[in-house]
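Coordinate analysis (summary)
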Amino acid sequence: MAHELVEYFSSRQDETLALLRRLVEFESPSSDKAALDRLGAFIADRLRDAGASVEVVPQKNAGDHLAATFGHGSAAPILTLCHIDTVWPVGTLATMPWREEDGKLRGPGVEDMKAGAAMLISILHYVRAARLQLSHPLRMLFTTDEETGSETSRALIEAEASQAALVLCLEPSLPNGALKTFRKGTGDFRITAIGRAAHAGADHAKGVNAIQEIARQVATLQQMTNYATGTTINVGVISGGTASNVVPERAQIEVDLRVTTAAESERIVRAIQSLQPQLTGARLEIVGGMNRPPMERTPAIVEAFQRAKAIAAGIGLELEEGSTGGASDANFVAPLGVPTLDGLGAVGDGGHSTDEHILTSLLPARTALLAALVTQW
């Protein structure tokens, strides 16, 4: 009995992989609304085929989001989060095609996170075929802008999550298969130094060098990194100046921030926004802030993981937990106090790189785990 659910999805692995291949071959970069809407229409049809009702949430400047419901009842729903946008531009398939080699399935977006969508649709067919009655209706979001900050989907995610009994984010697991019960929060800043242009030979003393100013700010920012608290600052992009014989008037940096707690987020954001110019005559323009709050390992998350671990054991699976410095849409949900589990997608590695892949042999067990959570919660 313990392994029947895993065996079920093993016997239907070919169907899941065929669906996953279709999803991967619908290339869907965050910036291409037409491509995202084509994929969204395909997913909407697959959801309806499986017995779900589907609502399209139109977007003007992003792909349309999908909200779907499966099952009935008055209990608070279980909410699943999937994003269908990827970091890969249309045309990537020419150099990074769908393929299986050495037990790994490869292709743009296969791990992050089209495998999660394929698993979820497969589960709907299982529940319907087995004629199971869910204790909690399943509410499913398929959003289109996670890779660029979820600007158009955040309000939808938070509104749906606030009504949910449990949120399951179908991002890939950690490479060892562990769920993610803690994620750092992320912030982005753009800091511009404005000086005064001058001829580098004839009037050097009249100039205020914006590159010098921004360099001093870079040093100040980098010193805010504190590995003991988990706070990291990364100045990843720098630009400025027009020619070597001109004292530069403008220089700019782009800054990535990662923090572990809401309190640290408030502290470090204040510190960045309070930066002052260090050269006489220079000034700073600072824009940005936190994009995603930390997904802290709250008591609600700990309790949810322990229950998930017990459910997993019931189907013969050992479930572990871990943390990551990366963020996901689960970061928006956890601060609401809703029990949240992340990393319930496929096991793989290499997201956002040409090594992106999932492990073929582990896909049935991951799908079975998700099915068990949905049907036994």
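Quick summary incoming for the structure in this document. These numbers come from a predicted model, not from an experiment.

Take the overall build of the protein next. Of the regular secondary structure elements, the protein holds 10 helices and 18 strands. For a compact globule of 377 residues, the expected C-alpha radius of gyration is about 21 Å, and the protein comes in at 23 Å, within 12% of that figure. Dimensions along the principal axes, computed over C-alpha positions, put the protein at roughly 85 × 45 × 40 Å. With 377 residues in all, the protein has 52% of them scored as buried. Long-range contacts, defined here as pairs at least 24 residues apart, represent 79% of the contacts in the protein between residues at least 6 apart. Within the structure as shown, the protein displays about 16200 Å² of accessible surface, and the carbon and sulfur contribution to it stands at 49%.

Once that is clear, we can look at the state of the cysteines. Following the criterion strictly, the structure yields 0 disulfides and no others. Note on Cys82: no disulfide assigned, nearest cysteine sulfur contributed by Cys169 at a separation of 7.7 Å.

Okay, the packing of aromatic side chains next. Across all of its chains, the model carries 4 aromatic pairs by this definition. Measuring from ring centre to ring centre gives 5.0 Å for Tyr8 and Phe9, while their planes differ by 85 degrees; the resulting arrangement is edge-to-face. For the pair Tyr8 and Phe9, a shared accessibility class is recorded, and that class is buried. Among the aromatic side chains, those forming a connected cluster through ring pairs are Tyr8, Phe9 and Tyr126. Of note, Arg46 hangs over the ring of Phe42, and the distance from its end group to the ring centre comes to 4.5 Å. Taking NZ or CZ as reference, Arg307 lies 4.3 Å from the ring centre of Trp377, over its face.

Moving on, we come to the pattern of salt bridges. The tally for this structure, following the rule as stated, stands at 20 salt bridges. A salt bridge links Asp64 to Lys33, with the shortest nitrogen-to-oxygen separation between them at 2.8 Å. Here Asp64 is found in the loop between β1 (53-57) and β2 (65-70), whereas its partner Lys33 is found in helix α3 (residues 33-49), with 31 residues between them in sequence. In this structure Asp64 comes out as buried when scored by relative accessible area, which is 18%. On the accessibility criterion, Lys33 (26% relative accessible area) is partly exposed. Two residues, Glu101 and Arg106, come together in a salt bridge whose shortest N-O distance is 3.0 Å. When its relative accessible area of 33% is taken as the criterion, Glu101 is described as partly exposed. Connected through salt bridges with shared partners, the residues Arg99, Glu101, Arg106 and Asp355 form a single ionic network.

Right, let's get into the nonpolar core. By size, the foremost hydrophobic cluster in this structure holds 68 residues, and its most contacted members are Ile43, Leu47, Leu138, Met140, Phe142, Leu168 and Leu344. With 12 residues, the top contributor of residues to this core is helix α4 (residues 110-130). When neighbours within four sequence positions are excluded, Phe142 is seen to be in contact with Ile43, Leu47, His65, Leu66, Cys82, Ile84, Ala117 and Leu120.

Conventions used here
- Residues numbered from 1 in each chain as written.
- Predicted model: local features only at pLDDT ≥ 70, side-chain atom pairs only at ≥ 80, totals over all residues.
- Heavy atoms only, no water.
- Helix = DSSP H or I, 4+ residues; strand = E, 2+ residues; numbered from the N terminus.
- Rg over C-alpha atoms; globule rule 2.2 N^0.38 Å.
- Buried < 20%, exposed > 50% of the residue type's maximum accessible area, 1.4 Å probe, protein only.
- Contact = heavy atoms within 4.5 Å.
- Areas by Shrake-Rupley, 256 points an atom, 1.4 Å probe, with all protein chains shown as cover.
- Disulfide = S-S within 2.5 Å.
- Phe/Tyr/Trp six-rings, centres within 6.5 Å; stacked < 30°, edge-to-face > 60°.
- Lys NZ or Arg CZ within 6 Å of the ring centre and 35° of its normal.
- Salt bridge = Lys/Arg side-chain N within 4 Å of Asp/Glu carboxyl O.
- Core = buried A, V, L, I, M, F, W, Y, C linked by side-chain atoms within 4.5 Å.

Treat this as a map of the structure, not an account of what it does.
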